[in-house]
Every structure is written in C-alpha cells, then in structure tokens.
Amino acid sequence: MSDDRVLEHILNPSAPLTSEQSKVPDRDPVPLTDQEKNADKMRLEAIKLAEQNKFPEAMNLFDSAISITPKMASLYNDRAQLFRLMGENEKAMEDIIKAIEYSNSQGKTAVQAYTQRAMLHMLNKDEEKARQDFERASYLGGRFAACQAAKLNPYAKLCNQMLSKAMEQLE
C-alpha cells in the first residue's frame, strides 16, 4: 500500500482498506443438481418465514435443506442469522464456521459469514478478532465490512484521538 493510501486511511478511517475500492463479492456457485435447487428453494422459504418471526418453522426448513445438501455454505450462513435472531449465538458461530469452510472463503456467502462472525466477536468485546474478520470480508468485497475494519484500525484510532485533542486545544 502506498504512503498516500496509508495517509488517506488515517485521515478517512471509514474508507475501505482494500486496494480494489470497487470490488464486488464473487457470486456463490449456482445450484446445479435437483437437490441443490430444492435446498435453495427451501432456504428462500425459510428466510421468508424468519422475516415473519416464524422461527421454529424457518429452523425446520433450514434443517431439512441441510440434510439434503450438507455442504451448501449459504444454508449454514442463513441459519446462523436465524440462530442470532433467536439469541443462540454459540450455535450461530458453529454455523458461521461451517459456512466459511464450505464456501472455501470465497463468494458472497463468505463475505456475509465473515461479517457475521466479526459482529459476534464485537458482541464478545473482542475487537482484534472482529477487525480481522471485517478485513477478510472487506478483501472479498464487503463494503460494510471495509468501513467497520477501518473504524477498528488501531492507527486510525490513534490518529483520531490525536486529531480530537488538537481540535480541543484550538477551541
């Protein structure tokens, strides 16, 4: 990273950290088999049920879809979101880890899973792990993650503290 880019990140901590500022996450693999297509339909229906606060019904659909295609990363990522809504963060973390593994740390699902895991780390007051996961998601094209990683950047924090003190002295 050039000196100019480092300075830009220090002065504009919400700017993305990646060198490819406009990178878009890769698409997830398209379901090919009938089983994958069926599981994906179930996933979409489960999301609708979760949005209607029908958590047990949504969970049953996710579980069924996973039993059909146990290595489909998006199923684990979306079920993790449901676990989070239900306040079951440990189970959410287990599913997030599987989503990252089955996505091979690539694509939209990986971006979402790394971002979710970072948010769970923030809930657990572990800013360093959160920053690392936000940076991973940012590298894959996650814009929200890029902004969050920049906010957690220790150099940006130090610079903002120094700038705040300088501004206070000017007043």
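Refer to the structure printed above.
Because the structure is a prediction, the values reported are computed rather than measured.

> How do you make sense of the packing of helix α2 (residues 34-51) against helix α3 (residues 55-68) when you look at a structure like this?
When two helices pack together, their arrangement is given by the angle between the helix axes and the distance between those axes. Where α2 meets α3, the closest approach of the two axes is 8 Å, and the angle between their N-to-C directions is 165°. Taken together, the axis directions place α2 and α3 in an arrangement best described as roughly antiparallel. Along this stretch, α2 crosses α3, giving a crossing that reads as left-handed. Only Phe55, Glu57, Ala58, Leu61, Phe62, Ser64, Ala65 and Ile68 of α3 make contact with α2, whose side of the interface consists of Gln35, Asn38, Ala39, Met42, Arg43, Glu45, Ala46, Ile47, Leu49 and Ala50. The class makeup of the residues in the contact of α2 with α3 is 12 nonpolar, three polar and three charged.

> Is there a simple way to explain α2 in this structure?
Because the α-helix completes a turn every 3.6 residues, residues three or four places apart line up on one side. Over its 18 residues, α2 runs 26 Å from end to end, which matches the ideal 26 Å to within 8%, given 1.5 Å per residue. Among the residues of α2, Ala39, Asp40, Met42, Arg43, Ala46, Leu49 and Ala50 are the ones counted as buried. Next to the buried residues of α2 lie α3 and α4 (73-85). Of the residues trailing α2, Asn53 is marked for its positive phi of about 60°.

> Just checking my understanding: could you explain unusual backbone geometry for this structure?
Trans is the prevailing form of peptide bonds, just as negative phi is the prevailing case for residues other than glycine. The backbone of Asn104 sits at a positive phi, close to 55°, despite the residue not being glycine. Inspection of the secondary structure puts Asn104 in the loop between α5 (89-103) and α6 (107-123). Judged by relative accessible area, which is 58%, Asn104 ranks as exposed. Within the chain, Lys125 stands out as a residue other than glycine whose phi angle is a positive 65°. Among the secondary structure elements, Lys125 is positioned in the loop between α6 and α7 (127-139).

> Just checking my understanding: could you explain the nonpolar core for this structure?
Core analysis: the biggest nonpolar cluster contains 36 residues, and Ala58, Leu75, Leu82, Ile96, Tyr114 and Phe134 have the highest contact counts within it. At the level of elements, α2, α3, α4, α5, α6, α7 and α8 (143-152) are the ones that each hand at least two residues to this core. Here this core takes seven residues from α3, the largest share from any one element. Sequence-distant contacts of Ile96, that is, excluding residues within four places in its chain, are made with Ala80, Ala113, Gln116, Arg117 and Leu120.

What counts as what
Residues numbered from 1 in each chain as written. Predicted model: local features only at pLDDT ≥ 70, side-chain atom pairs only at ≥ 80, totals over all residues. Heavy atoms only, no water. Axes fitted to C-alpha atoms, helices over the stretch in contact; angles between N-to-C directions. Helix = DSSP H or I, 4+ residues; strand = E, 2+ residues; numbered from the N terminus. Parallel < 35°, antiparallel > 145°, perpendicular 65-115°, else oblique. Left-handed = near helix turned anticlockwise from the far one by under 90°. Contact = heavy atoms within 4.5 Å. Nonpolar A, V, L, I, M, F, W, Y, C, P; charged D, E, K, R; others polar. Expected span 1.5 Å × (residues − 1). Buried < 20%, exposed > 50% of the residue type's maximum accessible area, 1.4 Å probe, protein only. Core = buried A, V, L, I, M, F, W, Y, C linked by side-chain atoms within 4.5 Å.

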